[in-house]
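# Understanding the architecture of this molecule
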Amino acid sequence: MTLKNLKKIVAKYALRYIPKKKIIGIGTGSTISYFIKYLRKIKDSIQGAVSSSNHTTISLKKNGIPVIALNDVDYISIYFDSADEINNNMDMIKGGGAALMQEKIIASASKKFVCMIDYTKKVNVLGKFPLPIEVLPMSYKYVKKELEKLGGIVKKRKKVITDNNNYILDIKNLYINNPIYLEKKINNIPGVISVGIFSQRQPDILLISNYTQVQTILNKS
């Protein structure tokens, strides 16, 4: 079975958490693309979706799912997204699709967060996947110098402008043994819009597909 099929399996499995007649939040990424295609079949059971990116908005509209602005809702019942990496403590790295700021906002505004991954995204220590940081264009060289003090290799992501018209810096070879501390430290650098560590807003439910089943892990913290 390919990783593509594992993504499809966990995306379809996540549909069981769709609430009736509620507004849901939807993230960005390849697994989410499959999730939206499956959601199309039961789209009449929800009021609509708050989107985390232009790419997701296009996909939702293409599949006939109403898109609702975050400012037009009182609250979001549940948020569905994936992760680039997640550790045993439910700390995550997100931002491979350059939508980390919007994803973090919608996740924080939602009552519940369901994260769906294939087994390769589960790690003991975060950092194998490059850590994305969204930065203001005018400050990226300054921010890059500050990030280099943390260790690792910092590079500006080529030909990428976020939906917010900002740049993405990626840190490679960074051993993240204290995600909560690092998330706060990077967020405090002037010019940083958001860092792709999700430790303050972790998923409530983690779904992991492997070659035999979909494992469900509840966040008890």
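This text gives an overview of the structure that appears in the document. (Residues numbered from 1 in each chain as written. Predicted model: local features only at pLDDT ≥ 70, side-chain atom pairs only at ≥ 80, totals over all residues. Heavy atoms only, no water.)

### Structural notes on the environment of Ser-52
Going by this rule: Under the DSSP-based scheme used, a helix requires at least four consecutive residues in state H or I and a strand at least two consecutive residues in state E, with every element numbered from the N terminus. Using a 1.4 Å probe on the protein chains alone, a residue whose accessible area is under 20% of its type maximum counts as buried, one over 50% counts as exposed, and one in between counts as partly exposed. Working rule for contacts: check all heavy atoms of both residues, and any pair within 4.5 Å makes them a contact.
Topologically, Ser-52 is positioned in the loop between β2 (48-51) and α3 (54-62). Under the relative-accessibility criterion, Ser-52 is labelled buried at 1%. Through-space distance from the C-alpha of Ser-52 to that of Gly-27 is 5.2 Å; in sequence the pair is 25 residues apart. Discounting chain neighbours no more than four positions away, the residues touching Ser-52 are Ile-26, Gly-27, Thr-28, Tyr-79, Ala-99, Gln-102, Glu-103 and Ile-106.

### Brief notes about the pattern of salt bridges
Spelled out, the test is: The salt bridge definition used is simple: a Lys or Arg side-chain nitrogen within 4 Å of an Asp or Glu carboxyl oxygen.
Under the defined criterion, the tally for this structure stands at 8 salt bridges. A salt bridge links Arg-201 to Asp-204; its shortest N-O distance comes to 3.1 Å. Under the relative-accessibility criterion, Arg-201 is labelled buried at 14%. It is possible to trace a salt-bridge network through shared partners that takes in Asp-81, Lys-94 and Glu-103.

### Comments concerning the pairing of strand β1 (residues 23-26)
The criterion, for reference: Here, any two strands with at least 2 DSSP bridges between them count as paired.
Of the two faces of β1, the one holding Ile-23 and Gly-25 and the one holding Ile-24 and Ile-26 are both buried throughout. Relative to β2, β1 runs parallel, the two sharing 4 bridges. By the bridge assignment for β2, Ile-26 is matched with Ser-51. Pairing of β1 with strand β3 (residues 78-81) involves 3 bridges; the strand directions are parallel. Among the inter-strand pairings, Ile-26 is bridged to a residue of β3, identified as Phe-80.

### Some thoughts on a positive patch on the surface
Rules: Patches in this entry comprise residues that are over 30% relatively accessible and not in a salt bridge; like charges within 9 Å are linked, as are nonpolar side chains (Val, Leu, Ile, Met, Phe, Trp, Tyr) within 5 Å. Each accessible area value is a Shrake-Rupley result obtained with a 1.4 Å probe; residue values ignore everything except the protein chains displayed when judging cover. His is not counted here, nor are the chain ends, while Lys and Arg score as positive and Asp and Glu score as negative. Where a charge lies is defined by one atom per residue type, namely NZ (Lys), CZ (Arg), CG (Asp) and CD (Glu).
A cluster of like positive charges, contributed by Lys-4, Lys-12, Lys-37, Arg-40, Lys-41 and Lys-62, occupies part of the molecular surface. Note that Arg-40 resides in the loop between α2 (30-39) and β2. Judged by relative accessible area, Arg-40 falls into the partly exposed class, the value being 42%.

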